Amino acid sequence: ESTYGFREMEAKWAPVWDDLGVFTPKDDGSAERRYVLDMFPYPSGDLHMGHAEAFAMGDVISRYWRQCGYDVMHPIGWDSFGLPAENAAIKRNAHPSEWTYANIETQAASFKRYAISADWSRRIHTSDPEYYRWTQWLFTRFYEKGLAYRKDHPVNWCPNDQTVLANEQVVNGACERCGTMVTKKSLNQWYFKITDYADRLLDDMDALHGHWPERVLAMQKNWIGRSEGAHVDFVIEAAGAQPAHKTTVFTTRPDTLYGATFFVVAADAALANELVTDEHRVALEEYQERVKALSEIERQSTEREKTGVFTGRYAINPLNGEKLAVWAADYVLADYGTGAIMAVPAHDQRDLDFARTFGLPIRVVLDTGLEDPAETGVAAVGEGTLVNSGELDGLPKAEGIARAIEIVQAAGTGEHFVNFRLRDWLLSRQRFWGTPIPIIHCGECGEVPVPDDQLPVRLPDNLRGEDLSPKGTSPLAAASDWVNVPCPTCGSPAKRDTDTMDTFVDSSWYFLRFVSPDYTQGPFDPQAAKNWMPVGQYVGGVEHAILHLLYSRFFTKVIHDLGLIDFDEPFSALLNQGQVLNGGKAMSKSLGNGVDLGQQLDKYGVDAIRLTMIFASPPEDDVDWADVSPGGSSKFLARAWRVASDVASEPGVDPATGDKALRQVTHRAVHESRALLESGKFNVVVAKTMELVNATRKVIDSGAGAADPAVREAAEATAVILSLFAPYTAEDMWALLGHEPSVANAGWPIVEESLLVDDMVTAVVQIKGKLRARLEVAADISEEELREAALNHETIVRLLDGGEIRTVIVRAPKLVNIVPA
Ligand code: ANZ
Ligand code: ZN
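The name given to the protein in an unreviewed UniProt entry is Leucine--tRNA ligase, with Paeniglutamicibacter cryotolerans as the source organism. The heading Sequence similarities (unreviewed entry) in the UniProt record of the protein holds the text "Belongs to the class-I aminoacyl-tRNA synthetase family."

Given below as structure tokens:
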């Protein structure tokens with residue numbers, strides 16, 4: 001007797017799929033196209049348990065759609081620029097490409113073993129010149145549209161990595177990568193003007209509700225941070241030799257202008273130093289030193305006692321001419337709004353805390369019915385009617401806001417303004433292993449984009465090891481052969497830009513490259529993009545909820561506006577898979593709770609590991625490896641396989657003559673799985689398949705045995721459903737059942753509707769909610785018939801004993817509840 005052997009199956013089928021090109025889409029329009037994409041991996045070492053989970057989920061969707069008859073594209077590639085390769089190269093005195101491409105090969109082999117239904121012919125690597133040529137091409141298009149620009153800016157600087165970090169890469173004041181506290185440094189940097197797209201990035205999320213996780217949409221919304229309000233100009237009075245100064249504030253509450261009792265500028269903004277009088281300068285500088293030592297978290301904390309210093313200056317309220325003391329404090333952020341605020345302590349908690357600390361006046365201007373904030377220490381937020389506010393008196397809040405804006409606008413001292421939290425995207429990096437910025441700096445012509453026919457600007461390959469170590473400037477600056485070039489416009493000696501791009505740039509358009517990975521006339525073939533995009537299902541971790549997804553959406557919109565595509569959202573649906581934990585905690589070196597994927601695969605086989613990932617929980621939930629049983633998965637797969645093995649020698653006969661009960665289980669499993677798969681309940685589908693295998697085994701072990709045609713039907717359905725989760729086992733079953741490979745293209749089994757209805761069901765009869773009798777009734781029994789049957793049941797007749805009945809509640813076909821009077 002043959003036995004289930006996962007090693008043999010893995011060795012046997014992987015090359016067959018490769019040879020047949022099972023997962024290469026036909027791409028001929030003969031079937032509706034669907035594009036499934038997993039967030040592409042970074043080549044750091046071999047695949048780990050997290051990859052195994054994420055890619056299992058994407059693969060289920062891809063394989064399911066294929067079974068449904070769609071022409072599925074499920075490509076794979078690598079996000080292969082980035083710091084780890086560079087750090088490894090420094091350590092090993094090598095070129096980053098060596099480490100990168102070696103790891104890619106390792107991962108590719110593992111992905112193949114893991115039976116990802118990928119179209120390997122579309123493979124891309126962002127560090128290939130054939131790819132980054134087009135990243136550069138896109139950059140020059142952005143530049144020409146004014147969407148890529150340089151400016152001097154105090155940037156976040158990681159002293160350890162010697163590199164600039166985007167705000168997003170600073171976590172609690174520390175470098176996201178190495179944990180070193182981040183400092184500020186002024187540098188000339190490249191930015192993408194994503195703020196031009198803030199409104200669209202926000203508004204276009206409307207269409208994503210229901211298709212993207214709400215949590216992700218909420219995070220993006222918050223990140224974009226649209227605030228509607230006004231800019232209001234305050235004149236800061238001249239003081240001694242210091243002239244008057246116009247300072248604008250951003251406020252969402254212009255209705256409270258009469259409640260402004262002081263004025264605050266960000267302590268770390270240049271404005272503070274500009275305004276401060278000589279008398280207060282030393283105090284300000286001391287304060288600034290103290291602020292620098294604080295982390296962003298500490299600064300933002302509402303718990304912390306408010307601190308600040310008086311600048312010696314006064315601001316004039318444009319509405320009522322009042323003089324407001326100007327303070328410098330760290331609770332006002334330099335890089336939000338204008339970096340200056342009018343403080344309204346009665347109605348803003350932060351201002352109230354500050355006023356109470358420094359004994360500043362508090363004036364209620366909105367009657368909210370709440371107690372006096374000066375007494376309670378709780379700011380009066382919420383709705384109300386304006387008071388103590390001159391011409392605004394009596395107006396409700398919303399009208400007060402509108403009226404106040406009209407007034408300042410008419411006086412030329414302010415205007416309606418929408419402020420965003422979103423900042424432009426700082427994209428330049430002073431590192432080697434990235435896409436070189438395709439700009440040449442010419443003394444005559446200024447910034448000159450590298451012409452298309454001179455792209456790609458290739459990375460030099462003679463730098464290695466120590467040449468790459470961080471120095472604060474890009475390592476490329478040292479490659480003088482590379483740096484010094486004639487200006488493409490005027491021919492005079494010029495220099496290449498030596499910065500490289502943030503790797504988020506590479507990954508902001510890769511989904512478009514997959515539609516035509518070998519295209520040489522542009523970043524993608526417009527017709528192929530029309531055929532395949534947008535991505536029908538995107539799968540990846542929630543850690544990319546903000547940046548990668550926002551940047552990809554931004555790129556797609558710009559590429560749309562360049563006239564290259566006719567859609568402007570890249571991902572129609574998004575799934576965030578959970579994490580793999582061990583013992584309830586994320587796997588980590590420090591906890592020593594890591595689980596090695598390779599060892600798991602060796603021990604249990606690919607299919608058992610895939611099945612375990614899928615069976616453990618719905619795709620969005622975490623999987624705790626301490627709670628799962630890959631051994632159990634393996635036993636189940638062997639059981640399923642044995643069914644096929646038992647049927648193998650039996651001829652195929654019309655299933656209609658087979659065991660009806662088993663046929664019903666089969667058809668129900670096939671039918672219900674579909675809805676479950678569509679709604680992402682993959683784990684429940686696995687449970688259904690287990691039930692199906694058990695039911696099949698029961699019939700084999702009794703009655704007509706494996707010769708019953710219903711058994712063959714059940715085995716075939718099992719193979720097709722399992723092809724989504726356990727492709728090797730499924731393919732082997734399919735072969736045992738006498739079919740040619742591949743089961744991946746078998747097609748979802750056709751359901752016989754008549755087998756979906758239950759013929760007979762058990763109805764329970766209760767008296768006053770207590771179970772008293774059971775009845776076998778037809779599944780489609782009417783309420784009236786069921787009521788009659790229940791009332792005539794002999795036990796019921798006896799118990800009621802001729803007494804009067806108040807009501808009879810009937811829920812056909814399952815329940816009757818009799819309530820006696
Ligand atoms: C006066 C006022 C009265 C305010 C009131 C609020 C309530 P969001 O909604 O987050 O955009 N603000 C403006 N710039 C700031 C900065 N750089 N640092 C700290 N706070 C700043 O918040 C806008 C409000 O936050 C603005 O409206 C301003 O305070 C404050 F009853 O102006 B408000
Ligand atoms: Zn020139």
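Having seen the structure, we can now continue with the description.
> Help me understand the overall build of the protein, please; the structure alone is not making it clear to me.
Within the protein, the regular secondary structure consists of 27 helices and 34 strands. With respect to the principal axes defined by its C-alpha atoms, the protein has extents near 105 × 85 × 50 Å. Split into buried and exposed, the 821 residues of the protein put 55% on the buried side. Once local pairs closer than 6 in sequence are excluded, the contacts in the protein between residues at least 24 apart make up 72%. Just so you have it, the protein exposes about 34,900 Å², and 50% of that area is on carbon and sulfur atoms. Side-chain charges of the protein comprise 79 positive and 117 negative groups, with the mean position of each set lying 2 Å from the other.

> Explanation requested: the site of ligand 1 in the structure shown.
Residues in contact with ligand 1 amount to 16 residues; listed here are only the nearest, Ser227, Thr251, Leu333, Tyr336 and His347. Contact distances for ligand 1 include 3.0 Å between an oxygen atom and a backbone N or O atom of Thr252. The contact in question runs from a nitrogen atom of ligand 1 to an N or O atom on the backbone of Leu333, over 2.8 Å. Alone, ligand 1 offers 650 Å² of accessible surface; in the complex the protein occludes 85% of this. Residue assignment for the shell around ligand 1 shows that the elements contributing at least two residues are strand S11 (245-251) and strand S15 (340-343). Partitioning the shell around ligand 1 into residue classes produces eight nonpolar, five polar and three charged.

> Honestly, the coordination of the zinc ion (ligand 2) in this entry has me stumped. Any pointers?
Ideal geometry at a metal centre: 109.5 degrees between donors when four sit tetrahedrally, and 90 or 180 degrees when six sit octahedrally. At this site the zinc ion (ligand 2) is bound by Cys442 (SG), Cys445 (SG), Cys487 (SG) and Cys490 (SG), with donor distances of 2.2 to 2.4 Å. Coordination at the zinc ion (ligand 2) is tetrahedral: its four donor atoms span angles of 105 to 115° at the metal. Each donor residue of the zinc ion (ligand 2) belongs to the same chain, with the gaps between them written as C-x2-C-x41-C-x2-C. Owing to a relative accessible area of 6%, Cys442 belongs among the buried residues under this scheme.

> Just to check I follow, could you spell out unusual backbone geometry for this structure?
In terms of backbone geometry, most residues other than glycine have negative phi values and most peptide bonds are trans. With omega at -10°, the peptide bond leading from Met533 into Pro534 counts as cis. Summarising the element assignment, Pro534 is placed in the loop between helix H17 (526-532) and strand S26 (537-540). Cis geometry marks the peptide bond from Ala812 to Pro813, where omega comes out at 0°. As for its placement among the helices and strands, Pro813 is situated in the loop between strand S33 (805-811) and strand S34 (815-820). With a phi close to 60°, Ala115 is a non-glycine residue in the positive phi region. Here Ala115 shows up in the loop between helix H4 (96-113) and strand S4 (119-125).

> Sorry, what's going on with the pattern of salt bridges here?
Between side chains of opposite charge, a pair can form as their charged atoms come close. Enumeration over the complete set of coordinates arrives at 37 salt bridges. Residues Asp18 and Lys112 are paired through a salt bridge, measuring 3.8 Å at the closest nitrogen-oxygen approach. In this pair, Asp18 sits in helix H1 (residues 6-20) while Lys112 sits in helix H4, placing the two residues 94 residues apart along the sequence. Measuring nitrogen to oxygen at the nearest pair gives 3.3 Å for the salt bridge that ties Glu716 to Arg712.

> Sorry if this is basic, but what is going on with the environment of Leu692 here?
Within the fold, Leu692 resides in helix H23 (residues 682-700). The exposure class assigned to Leu692 is buried, which follows from its relative accessible area of 0%. Separated by 160 residues in the primary sequence, Leu692 and Trp532 have C-alpha atoms spaced 36 Å apart. Leave out the neighbours within four places in its chain, and Leu692 touches Val665, Thr666, Ala669, Ala714, Ala717 and Thr718.

> Would you mind showing me how to read the pairing of S26 here?
Side chains on a regular strand alternate between the two faces of the sheet. Alternating positions in S26 separate into two faces, Gln537 and Val539 on one and Tyr538 and Gly540 on the other, with burial throughout. Across three bridges, the pairing between strand S1 (residues 33-38) and S26 is parallel. By the bridge assignment, Leu37 is partnered in S26 with Tyr538. Here S26 runs beside strand S27 (residues 574-576); their pairing, made up of three bridges, is parallel. Paired with Tyr538 across the two strands is Leu574, which belongs to S27.

> Can you walk me through the sheet that holds strand S9 (residues 183-192) in this structure?
Hydrogen bonds along the backbone pair up the strands of a sheet, which may run parallel or antiparallel. The four strands are arranged S6-S5-S9-S19 in an open sheet whose pairing can be described as antiparallel. If you trace the sheet from one side to the other, it starts and ends with strand S6 (163-165) and strand S19 (425-426), each paired once. Direction of pairing for strand S5 (residues 148-158) relative to S9: antiparallel, over a ladder of ten bridges. When the bridges of S9 are listed, Pro154 appears paired with Ser186. The strands that helix H5 (residues 129-144) touches are S5 and S9; relative to S9, the one it contacts most, it runs at about 90°.

> Even after reading the chapter, I still don't get the packing of aromatic side chains, so can you show me in this structure?
Enumeration according to the criterion identifies 42 aromatic pairs in this entry. Centre to centre, the rings of Phe250 and Phe417 are 6.2 Å apart; their planes meet at 70°, and the pair counts as edge-to-face. Taken together, the positions of Phe250 in strand S11 and Phe417 in strand S18 (residues 414-420) put the pair 167 residues apart, joining distant regions of the chain. Over the aromatic face of Trp65 sits the side chain of Arg34, whose NZ or CZ is 4.3 Å from the ring centroid. In this structure, Arg34 packs its charged tip against the face of Tyr70, placed 3.9 Å from the ring centre.

> Sorry, what's going on with the environment of Thr307 here?
Looking at the secondary structure, you find Thr307 in the loop between helix H10 (296-300) and strand S13 (308-316). Here Thr307 falls in the buried class, since its relative accessible area comes to 18%. Setting aside chain neighbours within four positions, we find Thr307 in contact with Tyr287, Ala329, Asp330, Phe354 and Phe358. At 2.7 Å, the side chain of Thr307 and the side chain of Tyr287 are in polar contact.

> Just checking my understanding: could you explain the packing of helix H7 (residues 214-224) against helix H18 (residues 547-561) for this structure?
Angle between the axes and distance between the axes are the two parameters that describe a pair of packed helices. For the pair H7 and H18, the least separation of the axes is 10 Å and the interaxial angle reads 75°. Considering the angle they form, H7 stands roughly perpendicular to H18. Of the residues in H18, those in contact with Val216, Gln220, Trp223 and Ile224 of H7 are Leu547, Leu549, Leu550 and Arg553. For the contact of H7 with H18, the residue count by class is six nonpolar, one polar and one charged.

> Help me understand the confidence of the model for the protein in this model?
Atomic detail in the predicted coordinates should be set aside for any region of low pLDDT. A residue-level look at the protein finds 99% of positions with pLDDT of 70 or above and a mean pLDDT of 94. The ipTM, which scores confidence in the relative placement of chains, is 0.99 for this predicted complex, and the corresponding pTM is 0.88.

> Explain helix H22 (residues 660-678) here, please?
It helps to recall that an α-helix has 3.6 residues per turn; residues three or four apart then point in one direction. With 19 residues, H22 extends 27 Å from end C-alpha to end C-alpha; this agrees with the ideal 27 Å at 1.5 Å per step. Considered for burial, the residues of H22 that qualify are Leu662, Arg663, Gln664, Thr666, His667, Arg668, Ala669, Val670, Ser673, Leu676 and Leu677. In this fold, the buried residues of H22 make contact with helix H2 (49-67), H23 and helix H24 (709-722). Where H22 begins, one side-chain oxygen reaches toward the backbone nitrogen of Ala661, 3.0 Å away; that side chain belongs to Asp659. Once H22 finishes, Gly680 follows within two positions and takes phi at roughly 75°, a positive value.

> Please clarify how the side chain of Arg253 should be interpreted in this entry.
Along the chain, the position of Arg253 falls in the loop between S11 and strand S12 (262-266). Once you skip the residues sitting within four places of it in the chain, Arg253 turns out to touch Met342, Leu366, Lys397 and Ile401.

> It is not clear to me how the pairing of S1 should be interpreted in this structure. Could you clarify?
Where S1 meets strand S2 (residues 71-73), three bridges bridge the pair, whose relative direction is parallel. Paired with Arg33 across the strands is Asp71, a residue of S2. Between the parallel pair S1 and S2, the chain is carried across by H2, and the sense of this crossover is right-handed.

Parameters at a glance
- Residues numbered from 1 in each chain as written.
- Chains lettered and ligands numbered in written order.
- Predicted model: local features only at pLDDT ≥ 70, side-chain atom pairs only at ≥ 80, totals over all residues.
- Heavy atoms only, no water.
- UniProt positions renumbered as here; feature names shortened; annotations may be inferred.
- Helix = DSSP H or I, 4+ residues; strand = E, 2+ residues; numbered from the N terminus.
- Buried < 20%, exposed > 50% of the residue type's maximum accessible area, 1.4 Å probe, protein only.
- Contact = heavy atoms within 4.5 Å.
- Areas by Shrake-Rupley, 256 points an atom, 1.4 Å probe, with all protein chains shown as cover.
- Lys, Arg positive; Asp, Glu negative; His and termini not counted.
- Charge placed at Lys NZ, Arg CZ, Asp CG, Glu CD.
- Near = heavy atom within 4 Å.
- Polar contact = N/O pair within 3.5 Å; in protein donor to acceptor, adjacent residues only side chain to side chain.
- Nonpolar A, V, L, I, M, F, W, Y, C, P; charged D, E, K, R; others polar.
- Donors = N, O, S within 2.8 Å, 3.2 Å for Na, K, Ca; no water.
- Tetrahedral: all angles 85-135°; square planar, octahedral: opposite > 155°, others 65-115°.
- Salt bridge = Lys/Arg side-chain N within 4 Å of Asp/Glu carboxyl O.
- Pairing = 2+ DSSP bridges.
- Axes fitted to C-alpha atoms, helices over the stretch in contact; angles between N-to-C directions.
- Phe/Tyr/Trp six-rings, centres within 6.5 Å; stacked < 30°, edge-to-face > 60°.
- Lys NZ or Arg CZ within 6 Å of the ring centre and 35° of its normal.
- Parallel < 35°, antiparallel > 145°, perpendicular 65-115°, else oblique.
- pLDDT = per-residue confidence, 0-100.
- Expected span 1.5 Å × (residues − 1).
- Right-handed = clockwise from strand over helix to strand, strands pointing away.

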